[in-house]
Amino acid sequence: MKYLIRSIKYFAYLAIILCIFIVILSLFGVVGSTLDDIFKDGADSLWKIAVIIAIFAAIYPNLGFGRRKAFVPGAYDEIRLGVVDVMHDRGYVLEDENGENLKFRIQSPVMRLTRMFEDRITFTRAATGFELEGPVKDLVRIVSALETRFRQE
């Protein structure tokens, strides 16, 4: 269900961005002001564009969200504060703590809006540290920061 919601959000996001881009081009006179002037097939092009956007929106959640493991040695009580500090340095705030599992979200409302509120990072306790789930581009940076921080200590 989460995948479907993300796909719908990205479809709307991409469609809005495309519309804004076309309006700006039209206002500056780069393209015409009617659909026949803007697109080769006129209004018939709209459903083709919608299909292309739908394909991208259907694929992106599979590529943009994932799981990574972070090697963070130590007892939970010893490493918890360090994990929260690393996330705070990255602009995240602790949203929920359930046992040894943590959930963080981006603190800035503007950043949350630009990510369509798909900014949550979930830490699930594992034998060797944590398994993180969230946007892949953020996970790579966070895993690297965590492992660097706890390797030095």
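Above: the structure in question.
Remember, it's a predicted structure, so these values are computed and weren't measured experimentally.

J.: Can you help me understand the overall build of the chain in this one?
T.: From N to C terminus, the chain includes six helices and five strands. Over its C-alpha atoms the chain spans a radius of gyration of 21 Å, topping by over 25% the 15 Å that the globule rule assigns to 153 residues. For the C-alpha atoms alone, the extent of the chain along its principal axes is close to 65 × 30 × 25 Å. Here the chain, with 153 residues, has 31% of them falling under the buried criterion. Counting only contacts in the chain whose residues sit at least 6 apart along the sequence, the fraction spanning at least 24 positions is 53%. With an accessible surface of roughly 9,800 Å², the chain has 62% of that area assigned to carbon and sulfur atoms. A distance of 2 Å separates the average location of the 20 positive side-chain charges in the chain from that of its 19 negative side-chain charges.

J.: Please clarify how the sheet that holds strand E3 (residues 101-106) should be interpreted in this entry.
T.: One key point about sheets: their strands pair by backbone hydrogen bonds, in either a parallel or an antiparallel sense. The strand order across the open sheet formed by five strands is E1-E5-E4-E3-E2, and the pairing between neighbours is antiparallel. Across the chains shown, the open sheet's two edge strands, defined by having one partner strand only, are strand E1 (65-71) and strand E2 (92-98). The mean angle between the axes of side-by-side strands here comes to 25°, regardless of whether they run parallel or antiparallel. The pairing of E1 with strand E5 (residues 129-135) spans seven bridges and is classified as antiparallel. Residue pairing for E5: Arg68 is matched across the bridge by Leu132. Packing against the sheet, helix H3 (residues 45-64) makes contact with E1 and E5, and its axis sits at approximately 5° to E1.

J.: I would appreciate a short explanation of the pattern of salt bridges in the present structure.
T.: Pairs can form between side chains of opposite charge once their charged atoms are near each other. What the rule picks out here adds up to 13 salt bridges. When the shortest N-O distance is used, the salt bridge between Glu100 and Arg125 registers 3.4 Å. Of this pair, Glu100 sits in the loop between E2 and E3 while Arg125 is found in strand E4 (residues 121-126), placing the two residues 25 residues apart along the sequence. Among the ionic pairs, Asp138 bridges to Arg115, the shortest N-O distance being 2.3 Å. Here Asp138 is found in helix H6 (residues 136-152), whereas its partner Arg115 is found in the loop between helix H5 (109-114) and E4, with 23 residues between them in sequence.

Scoring rules and cut-offs
- Residues numbered from 1 in each chain as written.
- Predicted model: local features only at pLDDT ≥ 70, side-chain atom pairs only at ≥ 80, totals over all residues.
- Heavy atoms only, no water.
- Helix = DSSP H or I, 4+ residues; strand = E, 2+ residues; numbered from the N terminus.
- Rg over C-alpha atoms; globule rule 2.2 N^0.38 Å.
- Buried < 20%, exposed > 50% of the residue type's maximum accessible area, 1.4 Å probe, protein only.
- Contact = heavy atoms within 4.5 Å.
- Areas by Shrake-Rupley, 256 points an atom, 1.4 Å probe, with all protein chains shown as cover.
- Lys, Arg positive; Asp, Glu negative; His and termini not counted.
- Charge placed at Lys NZ, Arg CZ, Asp CG, Glu CD.
- Pairing = 2+ DSSP bridges.
- Axes fitted to C-alpha atoms, helices over the stretch in contact; angles between N-to-C directions.
- Salt bridge = Lys/Arg side-chain N within 4 Å of Asp/Glu carboxyl O.

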